[in-house]
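# Coordinate inspection notes
Below, each chain spelled out in residue letters.
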Amino acid sequence: MALVDERLTDEAGFRMSEATAGDFFALLKPRVMSLVVFTAFVGLVAAPVTINPLLAVIAILSIAIGAGASGALNMWYDADIDAVMTRTASRPVPAGRILPGEALSFGLVLSVMSVMTLGVLVNWLSATLLAFTIFFYAVIYTMWLKRWTPQNIVIGGAAGAIPPVIGWAAVTGTVSLESLILFLIIFLWTPPHFWALALFKSEDYARAGIPMMPNVAGQASTRRQIFAYALILAPVGVLPWVLGFTTPAYGVVAALLGAGFVWYAWKVLRMAADDKVMKPAKALFGYSLLYLFAIFAVYLADCVVGRALAIGGA
Amino acid sequence: MVDKNLELVSLTERQQKARRNRSMAIGVALAVLVVIFYVATIVKFGHNLAGTM
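Procedures and definitions
Residues numbered from 1 in each chain as written. Chains lettered and ligands numbered in written order. Predicted model: local features only at pLDDT ≥ 70, side-chain atom pairs only at ≥ 80, totals over all residues. Heavy atoms only, no water. Salt bridge = Lys/Arg side-chain N within 4 Å of Asp/Glu carboxyl O. Helix = DSSP H or I, 4+ residues; strand = E, 2+ residues; numbered from the N terminus. Buried < 20%, exposed > 50% of the residue type's maximum accessible area, 1.4 Å probe, protein only. Axes fitted to C-alpha atoms, helices over the stretch in contact; angles between N-to-C directions. Parallel < 35°, antiparallel > 145°, perpendicular 65-115°, else oblique. Left-handed = near helix turned anticlockwise from the far one by under 90°. Contact = heavy atoms within 4.5 Å. Nonpolar A, V, L, I, M, F, W, Y, C, P; charged D, E, K, R; others polar.

## As for the pattern of salt bridges
All names here are of chain A.
- Tallied over the full model, the rule gives seven salt bridges over all chains.
- In this structure, the salt-bridge partner of aspartate 78 is arginine 147, at a minimum N-O distance of 2.9 Å. Here aspartate 78 is found in the loop between helix H3 (53–77) and helix H4 (79–82), whereas its partner arginine 147 is found in the loop between helix H6 (124–145) and helix H7 (152–161), with 69 residues between them in sequence.
- Classification of arginine 147 as partly exposed rests on a relative accessible area of 32%.
- Residues aspartate 204 and arginine 207 are paired through a salt bridge, measuring 2.5 Å at the closest nitrogen-oxygen approach. Of this pair, aspartate 204 and arginine 207 both sit in helix H10 (residues 202–208), three residues apart, which is roughly one turn of the helix.
- Connected via shared salt-bridge partners are Asp78, Asp80, Lys146 and Arg147.

## A look at unusual backbone geometry
- Despite not being glycine, A:Lys29 has its phi angle at roughly 50°, a positive value.
- Residue position: A:Lys29 is located in the loop between helix H1 (21–27) and helix H2 (30–46).

## Focus: the packing of H3(A) against helix H5 (residues 100–121) of chain A
Residue and element names in this part refer to chain A.
- Contact geometry for H3 and H5: axes closest at 8 Å, N-to-C directions at 155°. As the angle between them shows, H3 and H5 are arranged roughly antiparallel. Considering how the two elements wind past one another, H3 and H5 form a crossing that is left-handed. When H3 is examined against H5, the residues Leu55, Ile58, Ala59, Ser62, Ile63, Ile65, Gly66, Ala69, Ala72, Leu73 and Trp76 are found in contact with a partner set consisting of Pro100, Ala103, Leu104, Phe106, Gly107, Leu108, Leu110, Ser111, Ser114, Thr117, Leu118 and Leu121.
- Of the residues contributing to the contact of H3 with H5, the split by class is 17 nonpolar, six polar and no charged.

So this is what it looks like as structure tokens:
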């Protein structure tokens, strides 16, 4: 038996929660979190100084929880539009498994805890960057940009691009050109990635009233913009080698991956206007995920191997 | 002793199971947090002590 306040059992619609820990974990957007963890880890390892391994784990954990918290706040605020989109209707809040207030409290508590933990145990620059990321994603992107402008994911993409900078700052206590290049790669990758999705999910976004690029500027314009971003992203992906941060091996792989991105974007550009299946857009969406994981993995491998060779040669 | 004027609700089996599940998760999370802060404190103290010696 549970003791409850009388106020809560009246007509106000109170009900005891049936949410499980798994539902709360889903609020953290685990798939997005995996990308955040990976890119933050690369920033952390790429830094030229070392950090105690335990503090490194704490830093990554805090960044992951902070990213998850912003996801929970996003799901709290966007429950109305998530409910009408097929891709998001089964999320815990629109599906009714978690109450909006529970999601809000969960997001706020985790936001504060992740930032404070990172600040107290690692350093305050990385904690400040994490706090800014959470604010930018939950407030600037979710509450403002997303429902207002087709440039929503262009500007909002900055939030998803910061994790490697936080990882780097956690180790060095600074922000450097190397980490900003990693930021730039994710920042330029975000629009073609999400616009590819928006092309074949445009009806979903239209139903929810979100001004995504295909719904506002049309599919032809979106395809041109995807291709333009791909043309900029491909050389930026090679920049770490051009600027001398990596070996030529990274440069070659990054160039090949970038060429692949341009190729897939080209196929989207050439897609027939009446194409309802949109296989090229789906292919680009899938490839863009592979691209980001691959380019960061190669960057990581290049750093680790380069360091091992330097130690071996010393 | 329970006051008879207080209103009580009976949880369904599903609600009880969900509550148990949440309580376990909160317990594990808190335990992990305690271990993290304890070990991190030792690491940071150790580092600072090594720096002063």
